[in-house]
Amino acid sequence: MALGITSLRKMLGTKHDGSKPIRKVDRGDGLNAFWHPSGKVSFVFRYRFDGKNLEVTLGKFTNNDAGIDLEEARRKTEQCKGWLAAGNNPALMLKLAKEERLKPVTVEDAICYWLDNYAAKNRQNAHKIRPMFKKWLFPKIGDLPLVDCETRHWLTAFDECSKHSPVSSGMLFQISKQALKYCRVRRYAVSEALNDLTIADVGKRGGKRDRVLSMTEVHSLMDWIKNPSSNSYYRALALLLLTFGSRTREVRESHITEWDLSAGTWTVPIEHSKAKRKIVRAIPEQIKPVIAELIANAKRDNTHYLLGQLKKLNTVSTYGHKLSKRLGHTPHWTFHDLRRSLATHLTAAGIAPHVIEIISGHSLKGVMSHYIHDHRLSEQKVALELWQSIIWNCPTDTNIIPFNHAGGRL
């Protein structure tokens, strides 16, 4: 029989002669009321964890605000059952929650804990994430104790962000959920306020880009690259991105020591690689004079950056977007789309998928990951030299304009 408020009140303050508490079961879902010989009543959750029968006290029934009532005990029971289903020990989780109330970890504390201890080391866009939280989340709920921040509070912040950018709101939600899980696993703070929400509840999922430059657009870009009045930094950047289908970061941060013209290889080190592994690409013969000139210019200017300097990602991204508009290409493209363009056109030219994946710096999947363990440099070189002949629109056109011109700006 389920517990009732009348029976609890009768037990409270009434002593009994037993040497042990008398247990009253509520609904058979683990919640019990323990009637102690002294007349005190406590709510206890009994459960099985890691092969052992355990119990944890949820609170005392005092029939006033000093304790908890039956409904709160039932809510805590459901919370404990949820922890169990997730593989967590309710006793430990309740202890963590109590510690948080004594010394509250705020929402901002929890997010910053993830940003500082995880994102800074594992997320390349960590510098972009923090400003998003400072703009949309921290002003609204950042000061709230995490344990007291309910789903409705989070939704208030997400809804405001979603009015301006549903995709940003969806991304903010995903990151917040990951951050809270990280805090829970590390036993720093506990919150399950986002567990039942999905991206659809707060915004939209960012769509995958599928922009591929047509060969007409590629040749239009190449005409811009050949023009000595164009900005020399971006001429070199665009040519290398188009040549290798590499990530913008790999070229932007590239050091002259990565380029071995005698061996004909460009080795992207782990610290410049999104995949956190070394990438080795073959250098096509047609592009070697450009690389040699860039290396010579860098040495002359006493810098180790192949492009002569390190520009910020946002600055480079903005330039690429403006360049596509200047060239009259619609829809507009980004520098990252040059990577997809290489892969698409080389596939159409009959290059094997695993060669394109290696050139792109992707990890091979499925059976290929077990049987292909080298860089396939000879196959890369064939593919990239074919690509050079396509983008220059002439197999013998290697008359590349020097890049030491100061260049203009968009």
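Placed above this text is the structure.
As a starting point, this report considers the structure included with it.

## Digging into the overall build of the protein chain
Consideration 1: From N to C terminus, the protein chain includes 18 helices and seven strands.
Consideration 2: Whereas a compact globule of 410 residues would reach a radius of gyration of roughly 22 Å, the protein chain reaches 31 Å, over 25% beyond that.
Consideration 3: Once the C-alpha set of the protein chain is aligned to its principal axes, its extents read approximately 105 × 45 × 40 Å.
Consideration 4: Counting every position in the protein chain, which comprises 410 residues, the buried fraction comes to 44%.
Consideration 5: A fraction of 62% describes how many contacts in the protein chain between residues 6 or more apart in sequence connect residues 24 or more apart.
Consideration 6: Only carbon and sulfur atoms are counted for the fraction: they give 51% of the accessible area of the protein chain, which is about 21400 Å².

## What to know about the sheet that holds strand 6 (residues 265-268)
Adjacent strands of a sheet pair through backbone hydrogen bonds, lying either parallel or antiparallel.
Consideration 1: Across the sheet, which stays open at both edges, the three strands sit in the order 5-6-7 with antiparallel pairing between neighbours. Strand pairing shows two members of the sheet lacking a second neighbour, strand 5 (259-260) and strand 7 (279-282), which therefore form its edges.
Consideration 2: Looking at chain direction, strand 6 and strand 7 are connected through four bridges and run antiparallel. Bridge assignment links Val-268 to a residue of strand 7, and that residue is Ile-279.
Consideration 3: Along the sheet, helix 18 (residues 377-391) contacts strand 6 and strand 7; its crossing angle with strand 7, the most-contacted strand, is approximately 55°.

## Comments concerning unusual backbone geometry
Consideration 1: Residue Thr-330 is joined to Pro-331 through a cis peptide bond whose omega torsion reads -10°.
Consideration 2: Residue placement: Pro-331 occurs in the loop between helix 14 (313-326) and helix 15 (337-348).
Consideration 3: Positive phi, normally seen in glycine, also occurs at Arg-187, with a value near 60°.
Consideration 4: Mapped onto the elements of the fold, Arg-187 is located in the loop between helix 8 (166-185) and helix 9 (199-202).
Consideration 5: Residue Arg-187 is classed as partly exposed on the basis of its relative accessible area of 38%.

Here is what the cut-offs are and how they apply
Residues numbered from 1 in each chain as written. Predicted model: local features only at pLDDT ≥ 70, side-chain atom pairs only at ≥ 80, totals over all residues. Heavy atoms only, no water. Helix = DSSP H or I, 4+ residues; strand = E, 2+ residues; numbered from the N terminus. Rg over C-alpha atoms; globule rule 2.2 N^0.38 Å. Buried < 20%, exposed > 50% of the residue type's maximum accessible area, 1.4 Å probe, protein only. Contact = heavy atoms within 4.5 Å. Areas by Shrake-Rupley, 256 points an atom, 1.4 Å probe, with all protein chains shown as cover. Pairing = 2+ DSSP bridges. Axes fitted to C-alpha atoms, helices over the stretch in contact; angles between N-to-C directions.

All we've got here are geometric facts, nothing functional implied.
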